[in-house]
Amino acid sequence: MHWSASAFPTFGMVIFSAILAAVIVGGIAWFWLRGRVQTATPSGRTRDVAPVETDLPVAIAAVAVGDLQRRFLLHALAVADDAPLRVQRAVVDDVDAALTRADLSSRYTPRRPNLLPQLIQSVNDSAASSRSIARIIGSDAVLAATLLRIANSPLYRLQRQDVQSIERAVTLIGNDGIRQIISAALVQPVMQAASGEDAVFARQLWDYTLVLSLAAADHARSMEQEDGFAAQLAGLLLGLSGAMVMQATADVLARSPLRTREAGTLLEALERCTVPTAIRIAEHWKLAPPIMQALRDVDAQVPTGLARSLHVGRLAASAAMLHAGGRMSEEQALAALSTKLPPHVVVWLWKRVNRQAPAGNS
């Protein structure tokens, strides 16, 4: 074949370009393979890499004025509404894991109170006398004392003088009222078991839970034509689970390496873990399906039935506690509730929950 002289430069450039491209591709492949080899140990495991600090606090936005639930939680944590909030995501993840693991269920999911089924059966029995119900309650001195204290609180008091006997309390309050008080009295010891800096939060949470459960029960009966006792018991479980979340968070923070107590972390743990923990407790106690369904739906965009009653109870209890704590005037509380509830509901609900400090302070 005959080649012209002018063809050689062009042919040489083609050869040179091909060689250069091969060198570049080979170099890239060599570096890629070298990286794969160096990141593997002789046993086939990846080499140790410097850990990423996932538990460094991350700043989050301030709580909105109209967010009653969050504002109450900050109030209970003794934190100002406009305080800077930071969240340790790894701590919250550990709390969620601790509350989910079955091997910790005995610590974080309390046993169903032994007297609860017996008491509910007696109260639901139309033939049961106030004396027989009082006898069951009186068999537990702590329960009896707690029940009388709740019965004489502003939320349940029906007369000026204190009720001195269980039998009198049963007679005055009636079956519906006594069922509510019994359930509250059975969970109070668990909720108020905290000590140290968590004790203040526990007292606030208990007062809030009493108001929440009462408001939810009233709303269920009056507005939803649902079982008020089921709504009340679900409300109590929300409060009880909040106490469990705080206990789990304290345990996680006490582990090595020790980490600082951040209000934002506590807030996020409560918001993320309270409802799932309440559902686990309800399942553990084998409560009725409507109660568990209400807990599953309480954070829905448009809750219905018992879930709506729980939602309303949380709003009303938050407003009442903020008002009682001096963080919200009555006008502000009513205005905040009116943005979320019909006016006629706000009026009667506020009359029901706007009382002096509940039984936790008596």
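All figures in this text were calculated on a predicted structure; none of them were measured in a lab.

(A) Summary view of the overall build of the chain. Secondary structure summary: the chain contains 15 helices and two strands in total. Counting only residues that meet the buried cut, the chain has 44% of its 362 residues in that class. The long-range fraction of contacts in the chain, counting pairs at least 24 apart against all pairs at least 6 apart in sequence, stands at 72%. When the accessible surface of the chain is summed, it comes to about 18700 Å², and 57% of that surface belongs to carbon and sulfur atoms.

(B) Highlighting helix α3 (residues 89-100). Here α3 spans 17 Å end to end across 12 residues, near enough to the 16 Å set by a 1.5 Å rise per residue. Every buried residue belonging to α3 is among A90, V91, V92, V95, A98 and L99, and all of these are buried.

(C) Quick look at helix α9 (residues 197-224). The terminal C-alpha atoms of α9 lie 39 Å apart, and with 28 residues this matches the ideal 40 Å at 1.5 Å per residue to within 8%. Burial of α9 is extensive: 21 of the 28 residues sit out of reach of the surface. Of the residues one or two after α9, Q225 is the one with positive phi, at around 55°.

(D) Representation of the nonpolar core in the model. Core analysis: the largest hydrophobic core is formed by 100 residues, its most contacted members being V95, L147, L237 and L295. Among the elements that take part in this core, helix α10 (residues 228-254) stands out by supplying 16 residues, more than any other. Contacts of V95, omitting those with residues within four sequence positions, involve V245, A248, T249, V252, A269 and C273.

(E) Geometry of unusual backbone geometry. Of the consecutive residues S256 and P257, the connecting peptide bond is found in the cis state with omega at 0°. At Q225, a position not held by glycine, the phi torsion is positive, near 55°. Along the chain, Q225 turns up in the loop between α9 and α10. Look at K286: it is not a glycine, yet its phi comes out positive at around 60°. With respect to the helices and strands, K286 occurs in the loop between α11 (263-284) and α12 (289-297).

(F) How the structure looks around the layout of surface pockets. In this model, the largest pocket occupies a volume close to 490 Å³. Q69, Y208, E271, D299 and R314 are, among the 27 residues lining the largest pocket, the residues nearest its centre. Elements represented by at least two residues in the lining of the largest pocket include exactly α2 (68-76), α9, α10, α11 and α13 (305-324). Among the elements that make up the lining of the largest pocket, the one with the highest residue count is α2 (five residues). For the lining of the largest pocket, the class distribution of residues is 14 nonpolar, seven polar and six charged.

(G) Here's a closer look at the packing of α2 against α9. For the pair α2 and α9, the least separation of the axes is 9 Å and the interaxial angle reads 140°. Here α2 contributes Q69, F72, L73, H75 and A76 to the contact with α9, which in turn contributes F201, Q204, L205 and Y208. For the contact of α2 with α9, a count of residues per class yields six nonpolar, three polar and no charged.

Cut-offs and rules
Residues numbered from 1 in each chain as written. Predicted model: local features only at pLDDT ≥ 70, side-chain atom pairs only at ≥ 80, totals over all residues. Heavy atoms only, no water. Helix = DSSP H or I, 4+ residues; strand = E, 2+ residues; numbered from the N terminus. Buried < 20%, exposed > 50% of the residue type's maximum accessible area, 1.4 Å probe, protein only. Contact = heavy atoms within 4.5 Å. Areas by Shrake-Rupley, 256 points an atom, 1.4 Å probe, with all protein chains shown as cover. Expected span 1.5 Å × (residues − 1). Core = buried A, V, L, I, M, F, W, Y, C linked by side-chain atoms within 4.5 Å. 1 Å grid on protein atoms, 1.4 Å probe; cavity = no way out; pocket = protein on both sides within 12 Å on 5 of 7 lines; lining within 4 Å. Points joined across faces, edges and corners; volume = space filled by probe spheres on them. Nonpolar A, V, L, I, M, F, W, Y, C, P; charged D, E, K, R; others polar. Axes fitted to C-alpha atoms, helices over the stretch in contact; angles between N-to-C directions.

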